[in-house]
Amino acid sequence: MPEAIPPPSATNTTHRALIVCSGPEIDQLLSNLLQQEKWEIRFAANNAEALQLAEDLALDVIITGERTPAKEDLDLLRRLRMIRPHTRLIILTEEFVPGDVLAAIRERAFSYFSRPFSKERLAEMIRIAMSEPFWDDSIEVLSGTPNWARLCVRCDLPTANRLLQFYREASDLPDAETDEVATAFREILVNAMEHGGHFDPSQHVEVSYVRTRRMVLCRVKDPGQGFSLEELQHSAIANPEEDPFKHMETREAQGKRPGGFGILMATKLVDDLIYNEKGNEVLLVKYLEKPAAASHS
């Protein structure tokens, strides 16, 4: 699998981050991450102070305080867009509210985390925010409701990882099932970006997410010419049972990176993995054991 986090580029430009205070533990975590990259760090007591600082000083990243509801952070984001349209804003919030994740994507938040969240994933997202120069138009909502969203997603790895975090927040599944679907979804999405879009940022993948009481469905359509599963000799899914690593020889001969386990892994993590005839569109289906509450998105 390609490296998920691109390395920060060397530059003499001073980068500034603003942390809206959450509490000693989170504030220290964020400070440590930013100091490792030698960023200038500012603190604000609340969103009003953060907006004032943003008016006076160019900021690269703003991380909201988790004590404020996401609705207030989205209001800050709308105001921020009027004065600093390219500032990356990462929303932290203690309480999830249905509809917030989709609203955050529409308003071009860089990412979204609600409690309880993984500190490792938060650290990963901050590193992506610190190193990704072009992001503003990378995820576009084509249509969206809490249970059915359709997105246009740019073909690059940082965008794939950002979308995955939004999915984790919106899934409303038990942790184990969230991880299974998220892992399968990422493998198929990255495959689409690599083989269909050739990691060309001018190309886009169309993604749909549908949630019913009894299943989760993800659809990924890439801009490529498609393929047949029978032709995937460079993928582990084509291996005979007696030789589970046969595809590695093909990949080496074709000069491809190590890997090729994505489709096989995805088939083990979801209940159905269905390709269209052309091979450039796939459905991932995960069935739920019992009806669930209304979805989070």
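Here we summarise the structure given alongside this text. The shown structure was predicted, so the numbers you read here are calculated from the model rather than taken from an experiment.

Focus on the sheet that holds strand β2 (residues 40–44)
Point 1. With parallel pairing, 5 strands are arranged side by side in an open sheet as β2-β1-β3-β4-β5. Only two strands of the sheet have a single partner each, and these edge strands are β2 and β5 (111–114). Within this sheet the neighbouring strands show an average axis-to-axis angle of 15°, counted without direction.
Point 2. Across 3 bridges, the pairing between strand β3 (residues 61–63) and strand β4 (residues 88–93) is parallel. Pairing of Ile-63 across the sheet is with Ile-90, part of β4.
Point 3. Contacts between helix α1 (residues 24–36) and the sheet are confined to β1 (16–20), β2, β3 and β4, with β1 contributing the most and set at about 175° to the helix.

Examining the packing of aromatic side chains
Point 1. This structure, assessed with the given rule, holds 5 aromatic pairs.
Point 2. Between Phe-110 and Trp-135 the ring centres are 5.4 Å apart and the planes differ by 70°, which places this aromatic pair in the edge-to-face class. Here Phe-110 is found in the loop between α4 (100–106) and β5, whereas its partner Trp-135 is found in the loop between α5 (119–131) and β6 (139–145), with 25 residues between them in sequence.
Point 3. Look at Phe-113 and Phe-117: their rings are 6.0 Å apart centre to centre, the planes differ by 70°, and that puts the pair in the edge-to-face class.
Point 4. Chaining the aromatic ring pairs together yields one cluster made of Tyr-167, Phe-185 and Tyr-209.
Point 5. Positioned over the ring face of Phe-117 is Arg-115, at 4.7 Å from the centre of the ring.
Point 6. Its guanidinium or amino end placed over the ring of Phe-110, Arg-162 lies 4.5 Å from that ring's centre, counting from NZ or CZ.

Points about the sheet that holds strand β10 (residues 272–275)
Point 1. Judged by pairing direction, the sheet is antiparallel, and its 6 strands sit side by side in the order β6-β7-β8-β9-β11-β10 without closing on themselves. Each edge of the open sheet is held by one strand with a lone partner, namely β6 and β10. The mean angle between the axes of side-by-side strands here comes to 15°, regardless of whether they run parallel or antiparallel.
Point 2. Bridging between strand β7 (residues 148–154) and strand β8 (residues 204–211) involves 7 bridges; their strand directions are antiparallel. Residue pairing across strands places Ala-149 opposite Tyr-209, the latter belonging to β8.
Point 3. Along the sheet, helix α7 (residues 175–196) contacts β7, β8, β9 (215–221), β10 and β11 (281–287); its crossing angle with β11, the most-contacted strand, is approximately 175°.

Describing the layout of surface pockets
Point 1. Within this model, the second largest pocket holds a volume of roughly 460 Å³.
Point 2. Classifying every residue of the lining of the second largest pocket gives 5 nonpolar, 6 polar and 7 charged.

Digging into empty space enclosed by the protein
Point 1. Counted by the stated rule, this structure contains 2 cavities of 30 Å³ or more.
Point 2. Put simply, the largest cavity is a space of about 200 Å³.
Point 3. In terms of lining residues, the largest cavity is bounded by 15 residues, among which Ile-105, Leu-151, Leu-163, Tyr-167 and Tyr-209 are the most central.
Point 4. Among the elements that take part in the lining of the largest cavity, helix α6 (residues 157–170) stands out by supplying 4 residues, more than any other.
Point 5. Class assignment of the residues belonging to the lining of the largest cavity gives a composition of 13 nonpolar, 2 polar and no charged.

Structural notes on α6
Point 1. The terminal C-alpha atoms of α6, which comprises 14 residues, lie 20 Å apart, in line with the 20 Å expected from a rise of 1.5 Å per residue.
Point 2. Among the 14 residues that make up α6, 14 are buried, leaving the element largely enclosed by the rest of the structure.

Things to note about helix α2 (residues 47–56)
Point 1. What α2 keeps buried is the set Asn-47, Ala-50, Leu-51 and Ala-54. Taken around the axis of α2, the buried residues stretch over an arc of 100°, which confines them to a single face. Within α2, the exposed residues directed more than 90 degrees away from the buried face are Ala-48 and Asp-56.
Point 2. Close packing links the buried residues of α2 with β1, β2, β3 and α3 (70–83).
Point 3. Sitting at the head of α2, Asn-46 places a side-chain oxygen 3.2 Å from the backbone nitrogen of Ala-48.

Calculation rules
- Residues numbered from 1 in each chain as written.
- Predicted model: local features only at pLDDT ≥ 70, side-chain atom pairs only at ≥ 80, totals over all residues.
- Heavy atoms only, no water.
- Pairing = 2+ DSSP bridges.
- Helix = DSSP H or I, 4+ residues; strand = E, 2+ residues; numbered from the N terminus.
- Axes fitted to C-alpha atoms, helices over the stretch in contact; angles between N-to-C directions.
- Contact = heavy atoms within 4.5 Å.
- Phe/Tyr/Trp six-rings, centres within 6.5 Å; stacked < 30°, edge-to-face > 60°.
- Lys NZ or Arg CZ within 6 Å of the ring centre and 35° of its normal.
- 1 Å grid on protein atoms, 1.4 Å probe; cavity = no way out; pocket = protein on both sides within 12 Å on 5 of 7 lines; lining within 4 Å.
- Points joined across faces, edges and corners; volume = space filled by probe spheres on them.
- Nonpolar A, V, L, I, M, F, W, Y, C, P; charged D, E, K, R; others polar.
- Expected span 1.5 Å × (residues − 1).
- Buried < 20%, exposed > 50% of the residue type's maximum accessible area, 1.4 Å probe, protein only.
- Arc of directions from axis to C-beta.
- Polar contact = N/O pair within 3.5 Å; in protein donor to acceptor, adjacent residues only side chain to side chain.

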